[in-house]
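# Summary of structural features
So the chains spell out like this:
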Amino acid sequence: MSPLSVPSRVVTVGAGLLDEALRAQAVETTPVSWRPPLPGTAEALAAVLADPRRQAADELAVSRLISARPHLVGVRRASEVLAAGTFLHAGPPITWERASGPMRGALIGAMLLEGLAADEHEAGRRLAAGEIALRPCHEHAAVGPMAGVVSPSMWLFEVRDDEHGGTAYCSLNEGLGKVLRYGAYGPEVLERLRWMDAVLGPALAATLERTGPIDLRSLMAQALQMGDELHNRNRAATSLLLRELAPAVVEAVPDAAAEVLRFINGNDHFFLNAAMAAAKVSTDAARDVPGSSMVVAMARNGTDFGVQVSGLGGRWFTGPAGVPDGLYLGSYGPDDANPDIGDSTITETSGLGGFAMAAAPAIVRFVGGEVSDAVRATRSMYEITLAEHPVFQIPGLGFRGTPVGIDVTLVARTGLLPVVNTGIAGRVPGTGQVGAGLVKPPVEAFTTALIALAEQAI
């Protein structure tokens, strides 16, 4: 056959302008999406991709993550799982000297709550002197939203993975506005925390003894199909959980049932903390697989953004936390915002939150942008993940599973960074929440993890 008789085909790579021009001339094209790898990663990327363990290791890690079956099994006092003289906090390790405003505010509030200081000045002095040990939540099988501070008298959701046997914890959600996790510690904040200590925690503990374990994976899958993305939108999930709990609350604590149910019903973010513990226990199941390049934690302490990778144990790889871009409350603006903070990016790490925004078009009213932006964000995350979640599905994408299993090699190859939606804390201690939006993780957190993987490659 003459070459001239064969229909011509053109493969276009990179810029879309060439592809559009050829199609306008009726030329059949095959567009290929390609981006140069992140600067300085070529050698490390080649070493990791050549590691004979990588493919099987990543398959094992992501299969463990998506097969986890988290159940809410109880509510426990933090004193049962915390060492004496220890406070937990969100993100990678941090010292008082490097702590941001909201982190300092939350730590001061915890000191006042526990009766360890008479006022904020004494609390600051004692924390600066190192009298209280500060440890990351992630290193104690826990996660905490925003500042993530956990002190002994607080109550924690206890979530157990029925498939792999792990357990994870997260504090109870206080609501929005001036709350401890955003660094506020005024009288109204401490009064609410004391009520949660005296009434809410014991009531939920007694309630869950009656209900037995609650299947969080099933509940979260339903919530995704009802318009939640399970990070900044939890309205459906909170409602579903309330339905599960309400009869048992009335039976377990009849005298306190009304105020407990009123508190949960008035807090659309109440389920967030249970979702975080569920995500934590799921990603923990994927840890410590030699050769795996899959991310198992992303977390921020208000100063640093850190990641942990399955094949690299408990090492943190960090870069400076960025300031979110979004919508601000009242008269607040970007100058009032603290850099990104919190362990709630464990939701994105498990395929939820920013990765599932296409399931929650109404989220744009909270974090800014258009509905098309939410869909575009989810679609882009399929390019840096290893799998689609078989249970967490997105109706608007034809019930396609959410993108799950962030791979640092794919981040390096595409230059795409994980999409994170988040609340915004005020940078001044005591301010509270000032807005919500989207934030970009620092590139170096992923590139340094890739280099560390290359050093261990076979």
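Residues numbered from 1 in each chain as written. Predicted model: local features only at pLDDT ≥ 70, side-chain atom pairs only at ≥ 80, totals over all residues. Heavy atoms only, no water.

What follows concerns unusual backbone geometry. A positive phi angle is found at Leu-230, which is not glycine, with a value near 70 degrees. Structurally, the position occupied by Leu-230 is in the loop between α7 (216–224) and α8 (235–252). The class for Leu-230 is buried, based on a relative accessible area of 0%. Residues other than glycine seldom take positive phi values, yet Asp-288 does so here, at roughly 60 degrees. (Helix = DSSP H or I, 4+ residues; strand = E, 2+ residues; numbered from the N terminus. Buried < 20%, exposed > 50% of the residue type's maximum accessible area, 1.4 Å probe, protein only.)

The residue Ser-344 is located in the loop between β14 (341–342) and α11 (346–349) in this model. When its relative accessible area of 3% is taken as the criterion, Ser-344 is described as buried. At 2.9 Å, the side chain of Ser-344 and the side chain of His-231 are in polar contact. Apart from residues lying up to four places away in sequence, Ser-344 is in contact with Gly-144, His-231, Met-276 and Arg-300. (Polar contact = N/O pair within 3.5 Å; in protein donor to acceptor, adjacent residues only side chain to side chain. Contact = heavy atoms within 4.5 Å.)

With 14 residues, helix α3 (residues 54–67) should cover 20 Å at 1.5 Å per step; its first-to-last C-alpha distance of 20 Å lies within 8% of that length. What α3 keeps buried is the set Arg-54, Ala-57, Asp-58, Ala-61, Val-62, Leu-65 and Ile-66. Projection of α3 onto a plane perpendicular to its axis shows the buried side chains occupying an angular sector of 155 degrees, all on one side. (Expected span 1.5 Å × (residues − 1). Arc of directions from axis to C-beta.)

On to the nonpolar core, then. In this structure, Leu-200, Leu-216, Met-220 and Phe-271 are the most contacted members of the largest nonpolar core, which totals 88 residues. Ignoring anything within four residues of it in the chain, the contact list for Leu-216 reads Pro-70, His-71, Leu-72, Val-159, Phe-271, Ala-274 and Ala-278. Formed by 36 residues, the second largest nonpolar core is a distinct cluster that contains Leu-45, Ile-384, Ala-412 and Phe-446. (Core = buried A, V, L, I, M, F, W, Y, C linked by side-chain atoms within 4.5 Å.)

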